[in-house]
Amino acid sequence: MKSKFTFGFHAVTSRIRFEASSVDELYIDAERHDRRMSDLLQVAKAAGVRVIHADDQRLSAMVGTRRHQGVVIKAAPVSLARTLDELLDAVEGPPLLLVLDGITDPHNLGACLRVADGAGAHAVIAPKDRAVGLNATAAKVASGAAETMPYITVTNLARTLRELKERDIYVIGTSDDAEKTIYQADMKIGTALVMGSEGEGMRRLTRETCDYLVNIPMMGSVESLNVSVASGVCLYEARRQRL
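Note on numbering: residues in each chain are counted from 1, in written sequence order. Only residues with pLDDT of 70 or above have their local features reported here, since the model is predicted, and side-chain atom pairs are shown and tallied only from 80 upward, although totals for entire chains, interfaces and linings are computed over all residues. For side-chain calculations, the full set of non-hydrogen atoms in the structure is used, while hydrogens and water are omitted.

A.B. asks: Which parts of the structure should I look at to understand the UniProt feature "binding site: S-adenosyl-L-methionine" (unreviewed entry) in the protein chain?
C.D. replies: The feature "binding site: S-adenosyl-L-methionine" (unreviewed entry), as given by UniProt, occupies Gly196, Ile216 and Leu225 in the numbering adopted here. A maximum C-alpha distance of 13.2 Å places the annotated residues, which cover 30 residues in sequence, within one compact spot. Only DSSP runs of H or I with at least four residues qualify as helices, and only runs of E with at least two residues qualify as strands; both kinds are numbered from the N terminus onward. Tracing the sequence through the fold places Ile216 in the loop between β11 (212–215) and α9 (227–242). The criterion used for residue contact is that any of the two residues' heavy atoms lie within 4.5 Å. With near-sequence residues (within four places) excluded, Ile216 lies in contact with Leu225, Ala230, Val233 and Cys234. UniProt positions are given in the numbering used here, feature names are shortened, and annotations may be inferred rather than shown by experiment.

Structural data, given as C-alpha cells:
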C-alpha cells in the first residue's frame, strides 16, 4: 500500500506507539528542541523509527500546510478492520456505532473520530461518495484516534443500515424536527447513531431507513450544533445509559 504523510504531535506519537511497524520515517524540524520534541524522539528511538531532520519549508511542502508542529511521518495506511462484518463479529455486547452521512470537512471527521474513541464507540461508518477521506488533516484533528478508531467506508449507506438492522442494531437518526429527544431513546441495546451534514442533514434515503429520529434539545438562540459536538452529546448519552 502507498505510504501517506501524517503530521502533528498527537497523531504522530499515537501512530508510532501503536503501529510503529507501519512508519517508514519520522521527519522533524531541526530547529525545534523543546520537551515535547524530546519526548517524541524518545518514543521514536524506543520503537526503532528512523529520524530525518528537515526545515519548515520541506515539512510544509510534504503535508500542504504550515500547521505541522514540526513533526511529520511517512507511513503505510493502517486497516483496523477490513469489513464491517469482521468488526461486528468481534464485538462483545451491544455495538455502538457512529454513522456520518455527507460529512465533507476533514476537521469535522477528525473531531468525530476523536469523540467516538473517547465515548467507546466501536466504529465510525461513512459512505464512499459525498464524504471526506481519512487524510492528514483529519488524522491530526483526531489527535491519535485515527490510529485506534475503525473508520469504515461503504458503497451503499442505506443498504448498510438495513444490514445493521438485520443484526438487531437500532438505527437512530438525528434531526432538528424529530419529536423525540436523544434522552428518550433506549441506547442500551445495539445502536447506530446517524449524523447528517450541517445545513442539509441526512439524505432522504438515509432518513427513511432509520428506525426512528431524535433531536438534541436546543435551549438558547442557536438552532443547531456542530456535527462533532452533536456526535459527542449523543454518544456520551449512550455511554451514560450503559454504565
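Let us keep going from here.
A.B. asks: Even after reading the chapter, I still don't get the pattern of salt bridges, so can you show me in this structure?
C.D. replies: One side chain can pair with another of opposite charge once the charged atoms of both are near each other. Salt bridges are counted wherever a side-chain nitrogen of Lys or Arg sits within 4 Å of a carboxyl oxygen of Asp or Glu. A full pass over the atoms with the stated rule returns 14 salt bridges. Here Arg15 and Glu147 are joined by a salt bridge, their closest N and O atoms 2.5 Å apart. Here Arg15, found in helix α1 (residues 9–19), pairs with Glu147, found in the loop between α6 (136–141) and β7 (151–154); they are 132 residues apart in sequence, far enough to count as distant. The pair formed by Arg15 and Glu147 is uniform in burial state, with each residue classed as buried. A salt bridge links Arg167 to Asp85; its shortest N-O distance comes to 3.3 Å. Placement of Arg167 in the loop between α7 (157–166) and β8 (170–174) and of Asp85 in helix α4 (residues 84–90) is noted, with a sequence separation of 82 residues between them. The rule is simple: take the accessible area with a 1.4 Å probe, protein chains only, and divide by the maximum for that residue type; under 20% is buried, over 50% is exposed, in between is partly exposed.

A.B. asks: Any chance you could explain the nonpolar core here in plain terms?
C.D. replies: Most often, soluble globular proteins have nonpolar side chains that are buried together. As used here, the term nonpolar core means buried Ala, Val, Leu, Ile, Met, Phe, Trp, Tyr and Cys residues forming a set that is joined through side-chain atoms within 4.5 Å. Leu98, Leu100, Leu113, Val124, Leu193 and Leu235 are the most contacted members of the largest nonpolar core, which has 34 residues in total. Elements that contribute at least two residues to this core include exactly β5 (96–101), α5 (106–119), β6 (123–127), α6, β10 (191–196) and α9. With six residues, α5 is the largest single contributor of residues to this core. Apart from the residues within four sequence positions on either side, Leu113 is in contact with Val124, Leu134, Ala142, Ala145, Ala146, Met149 and Tyr151. Among the nonpolar cores identified, the runner-up in size contains 21 residues, and Ile125, Val154, Leu164 and Met202 belong to it.

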